[in-house]
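Descriptive analysis of the structure
So you can see what is in the structure, the chains are spelled out below.
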Amino acid sequence: MTATVLSTPDGSVGPAPRPRAPEGKAPRKTGSLRRRVLKSGRRVLVPVLLVAVWQLASSVGWLNPTTFASPGMVWDRFVEFAASGVLADNVLASLRRVVLGLLIGVAVGIVLGLATGLSRVADELVDPPLQMLRAVPTLGLMPLLLLWLGIDEALKVGLVAIGVIFPIYLNFSKGIRSVDPRFRELAQSCGASRWTVIRHIILPGALPHLLIGLRFSLAIAWLSLVFGETVAADSGIGYMLTRAKDFLQTDTIVLCLALYALLGLAIESLVRVIEWKTLSWRREFVDS
């Protein structure tokens, strides 16, 4: 390889200077950081304003504290439970059930979605019973689930897993089928094996749909857990919520609802991080 040379004004010859880096690169990085900070600020702005309005309405007497506790009352209850250790024990119990149910439901949903997305025969065999089961309400399944799983942890984890399976399955299967077949044909014409096509083309192409299904699954997981923890539970946020309802403790009820919301938001933020890391080829679109 020969080096590029340039003639100087005095007639001498020397190597061409290296091209300078674009001057806009550093400002672009700074601008990207600024946009992320602004996005984070906007995401917390509305919840903070809502809490402020809530506190104002409670202070001026627009809200009755016996029917809807003020943020100050909820905070006092939070400090009390946190100091006694009750809060940590129940939050960890609920979080453990959600995580286990998510792991089981996501694994089953991915396997079913992969099978039906790649095989028309599997789709014809598996999809009809799954659609029938999806149409059955959870209340209708409860008698059988109580007989099969009992009233212990298996019931609560099972409810979460059942709720999670269907969004994962539907979105992942749809994502696989939405991959442009021309990419597969091009890879196969270059000698790529079926496993290589699945690993490097189909799965990355279906990943955005899978993450959308995971987001839907998070909301369903917490809803299923609330229902499961009201059935013969002795721990968990739902257990605290049930006891607070029996004793008309509105501050504890609102605290439990806030805990569900904050935990759901935390897991949703984790999914956002996974999306940002794995979908680097869509980063400009995601950051916009």
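Residues numbered from 1 in each chain as written. Predicted model: local features only at pLDDT ≥ 70, side-chain atom pairs only at ≥ 80, totals over all residues. Heavy atoms only, no water.

As a further point, take the overall build of the protein chain. Within the protein chain, the secondary structure is distributed over eleven helices and two strands. Along the chain direction, N to C, the helices and strands of the protein chain fall in the order β-β-α-α-α-α-α-α-α-α-α-α-α. When the 288 residues of the protein chain are sorted by exposure, 33% land in the buried category. Within the protein chain, counting contacts between residues at least 6 apart in sequence, those at least 24 apart form 72% of the total. (Helix = DSSP H or I, 4+ residues; strand = E, 2+ residues; numbered from the N terminus. Buried < 20%, exposed > 50% of the residue type's maximum accessible area, 1.4 Å probe, protein only. Contact = heavy atoms within 4.5 Å.)

Here we come to a nonpolar patch on the surface. Where nonpolar side chains cluster on the molecular surface, the patch consists of Leu45, Val46, Leu49 and Leu50 and spans about 390 Å² of accessible area. Within the secondary structure, Leu50 is located in helix 1 (residues 25–59). (Patch = residues over 30% accessible without salt bridge, like charges linked within 9 Å, V, L, I, M, F, W, Y side chains within 5 Å. Areas by Shrake-Rupley, 256 points an atom, 1.4 Å probe, with all protein chains shown as cover. Salt bridge = Lys/Arg side-chain N within 4 Å of Asp/Glu carboxyl O.)

With that settled, consider helix 6 (residues 153–178). Because each turn of an α-helix spans 3.6 residues, side chains separated by three or four positions end up pointing in the same direction. In a regular helix each residue adds 1.5 Å, so 26 residues correspond to 38 Å; helix 6 covers 38 Å between its end C-alpha atoms and thus fits that length. Taking burial as the measure, the 26 residues of helix 6 include 19 buried ones, the bulk of the element. (Expected span 1.5 Å × (residues − 1).)

Take the pattern of salt bridges next. Following the criterion strictly, the structure yields seven salt bridges and no others. The salt bridge partner of Glu80 is Arg77, with a shortest N-O separation of 3.2 Å. Here Glu80 and its partner Arg77 are both found in helix 2 (residues 71–84), three residues apart, which amounts to about one turn of the helix. Judged by relative accessible area, Arg77 falls into the buried class, the value being 18%. One salt bridge connects Glu153 with Arg97, and the closest N-O pair in it is separated by 2.7 Å. In this pair, Glu153 sits in helix 6 while Arg97 sits in helix 3 (residues 86–118), placing the two residues 56 residues apart along the sequence. Since its relative accessible area comes to 1%, Arg97 is described here as buried.

As a general rule, the predicted coordinates of low-pLDDT regions are not to be interpreted in detail. Chain-level statistics for the protein chain give a pLDDT mean of 80 and a share of 84% at 70 or above. Looking across the protein chain, the model is least confident in strand 1 (residues 5–7), with a mean pLDDT of 46, and most confident in helix 3, with 92. Under a pLDDT of 50 for its full length, residues 1–9 has, in the predicted model, 13 contacts with residues more than four places off or in other chains. Within the model, the stretch residues 284–288 combines pLDDT values under 50 with five contacts to residues more than four positions away or in other chains. (pLDDT = per-residue confidence, 0-100.)

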